[in-house]
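An overview of the molecular structure
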Amino acid sequence: MHAPSYPIFLSLENASILIAGIGNVGTRKLVKLVPCRPKKIHIIDTNPPNPEADTAITRARAQGTTCLVTRGIPCEEDITGMDLVFVCTSDHELNARLAHACRQQHILCNCTDNPSLGSFHVPVVARKGDVSVALSTERTSPALARSWKPDLEDFVANKDVLARFMGEIRPLVLSLGYSSEINASIFRDLAADQKLARAIAAEDMDRIDTIILTSLPYEICEQALDILRILIKEKNL
C-alpha cells in the first residue's frame, strides 16, 4: 500500500506550466488551470489545439498569462524551468520518460495515464467564490470521486458568503486592539456557530442581526451587519 498523499492548495500566479499533449485530457487540464492565472503555460503537441482549448488559450492571454503553443513532440528538455508539468500525450512510453525526467529535476508532475509515475494527482474540486473543497480517493477510483462532486457542490453552495464575511471582519476585529487570545476566541466562536451559517443561507436578516449583536464587539456590529447585507445582496445578483 502506497503512502497517502499530502493535500495542498498551490498558488500558480507566478508559475510556469507545461502541458505535454493537448487532446481531450490536456484540454481539461488547461481549462481548469486558466482561472488560476499562472504566469506562463506552454502547450506542446503534434496536433493543433481543439476549439475548446483555443477558447481557453484566448482567455488565458486576455488575463495576462503568456500562453505558447508549439507543434511537435515534447521532450525531456521542454520541462526545464517549469514549476508544474502535465503529461497527457497518447504515447505511454513518452509519458513515462517525461515523468521520470520531472522526478530527476524535482518538478511537480501529473502523469495522466499512469498517476503512480507522477508526483501528484488532481482531485475533484468544487468551488464557490472563496471556498474550495477537494476530494481524492488516492487514485483508487477517479470515477467514484467524480460521482461525489455534486455532494461537494451542495456543501459549498452557501459557504462563500460566510467565508467572505469572516475575511472582511478580521481587520475590524484586529483594529480594536484586543489580545490575540480574545481575537482568536471571537473568530473561533463565530466560525463554529452553525446558526449564523444557517441564517445566512436562509437570508434571515432578523436572525443575523441577533447573532451578530451577541457575537461581536459592539464597536463593529453595525459595520459587520452592513458587510453581510452587501454580501448577501451580491450573492443574489
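About the cut-offs
Residues numbered from 1 in each chain as written. Predicted model: local features only at pLDDT ≥ 70, side-chain atom pairs only at ≥ 80, totals over all residues. Heavy atoms only, no water. Helix = DSSP H or I, 4+ residues; strand = E, 2+ residues; numbered from the N terminus. Buried < 20%, exposed > 50% of the residue type's maximum accessible area, 1.4 Å probe, protein only. Lys, Arg positive; Asp, Glu negative; His and termini not counted. Salt bridge = Lys/Arg side-chain N within 4 Å of Asp/Glu carboxyl O. Polar contact = N/O pair within 3.5 Å; in protein donor to acceptor, adjacent residues only side chain to side chain. Contact = heavy atoms within 4.5 Å. 1 Å grid on protein atoms, 1.4 Å probe; cavity = no way out; pocket = protein on both sides within 12 Å on 5 of 7 lines; lining within 4 Å. Points joined across faces, edges and corners; volume = space filled by probe spheres on them. Nonpolar A, V, L, I, M, F, W, Y, C, P; charged D, E, K, R; others polar. Pairing = 2+ DSSP bridges. Axes fitted to C-alpha atoms, helices over the stretch in contact; angles between N-to-C directions. Core = buried A, V, L, I, M, F, W, Y, C linked by side-chain atoms within 4.5 Å. Expected span 1.5 Å × (residues − 1).

**Some details on the side chain of Lys29**
With respect to the helices, strands and loops of the structure, Lys29 is situated in helix 1 (residues 24–33). Although Lys29 is buried, it forms no salt bridge, and the closest oppositely charged side chain is Asp113 at an N-O distance of 11 Å. A distance of 3.5 Å separates the side chain of Lys29 from the side chain of Asn110, its partner in a polar contact. Once you skip the residues sitting within four places of it in the chain, Lys29 turns out to touch Phe86, Cys88, Asn110, Thr112 and Val122.

**Some details on the pattern of salt bridges**
In total, this model carries five salt bridges according to the counting rule given. With a closest N to O distance of 3.8 Å, Glu76 and Arg97 form a salt bridge. Within this pair, whereas Glu76 is found in the loop between strand 3 (66–71) and strand 4 (84–87), its partner Arg97 is found in helix 3 (residues 92–104), the two being separated by 21 residues in sequence. For Arg97, a relative accessible area of 42% corresponds to the partly exposed category. Linking Glu203 and Lys235 is a salt bridge whose minimum nitrogen-to-oxygen distance equals 3.3 Å.

**Some thoughts on the layout of surface pockets**
Of the voids in this model, the largest pocket is the one considered here, and its volume is about 1200 Å³. Lining of the largest pocket is provided by 36 residues; of these, Ile8, His121, Val122, Pro123 and Val125 occupy positions nearest its centre. Of all the secondary-structure elements, those providing two or more residues to the lining of the largest pocket are helix 1, strand 4, strand 6 (124–128), strand 7 (131–135) and helix 5 (149–156). A class-by-class count of the residues in the lining of the largest pocket yields 21 nonpolar, seven polar and eight charged. Volume-wise, the second largest pocket comes out at about 620 Å³. What lines the second largest pocket is a set of 22 residues, and nearest its centre among them are Arg28, Lys29, Val122, Pro142 and Arg146. Among the secondary structure elements, those contributing two or more residues to the lining of the second largest pocket are helix 1, strand 6 and helix 4 (142–147). The element best represented in the lining of the second largest pocket is helix 1, accounting for four residues. Considered class by class, the residues forming the lining of the second largest pocket number nine nonpolar, five polar and eight charged.

**Remarks on the sheet that holds strand 4**
If you trace the five strands from one edge of the open sheet to the other, you get 3-2-1-4-5, paired in parallel fashion. A single partner strand is all that each edge strand has here, and the edge strands are strand 3 and strand 5 (108–111). When strand polarity is set aside, the average angle formed by the axes of neighbouring strands in this sheet is 15°. Running over the sheet, helix 1 touches strand 1 (16–20), strand 2 (40–45), strand 4 and strand 5 and is turned about 160° from strand 1. In the packing of helix 2 (residues 51–62) onto the sheet, contacts are made with strand 2 and strand 3, and the angle to strand 3 comes to roughly 145°.

**Re the nonpolar core**
By size, the foremost hydrophobic cluster in this structure holds 26 residues, and its most contacted members are Phe165, Ile169, Leu196, Ile208, Ile212, Leu216 and Leu228. Elements with a contribution of two residues or more to this core: helix 6 (160–174), helix 7 (180–192), helix 8 (194–202), helix 9 (205–215) and helix 10 (218–235). Tallying contributions element by element places helix 10 first for this core, with eight residues. Residue contacts for Leu228: discarding those within four places in its chain leaves Val161, Phe165, Leu196, Ile200, Ile208 and Ile212.

**Description of the environment of Met82**
If you trace the backbone, Met82 turns up in the loop between strand 3 and strand 4. Setting aside residues no more than four positions away along its own chain, Met82 makes contact with Ser16, Ile17, Leu18, Lys40, His42 and Ile107.

**Overview of helix 10**
In a regular helix each residue adds 1.5 Å, so 18 residues correspond to 26 Å; helix 10 covers 26 Å between its end C-alpha atoms and thus fits that length. Within the sequence span of helix 10, burial applies to Ile220, Cys221, Ala224, Leu225, Ile227, Leu228, Leu231 and Ile232. Of the surrounding secondary structure, the elements contacted by the buried residues of helix 10 are helix 6, helix 8 and helix 9.

**Considerations on the pairing of strand 6**
Here strand 6 pairs with strand 7 via five bridges, running antiparallel. Bridged to Arg127 within strand 7 is Ser132.

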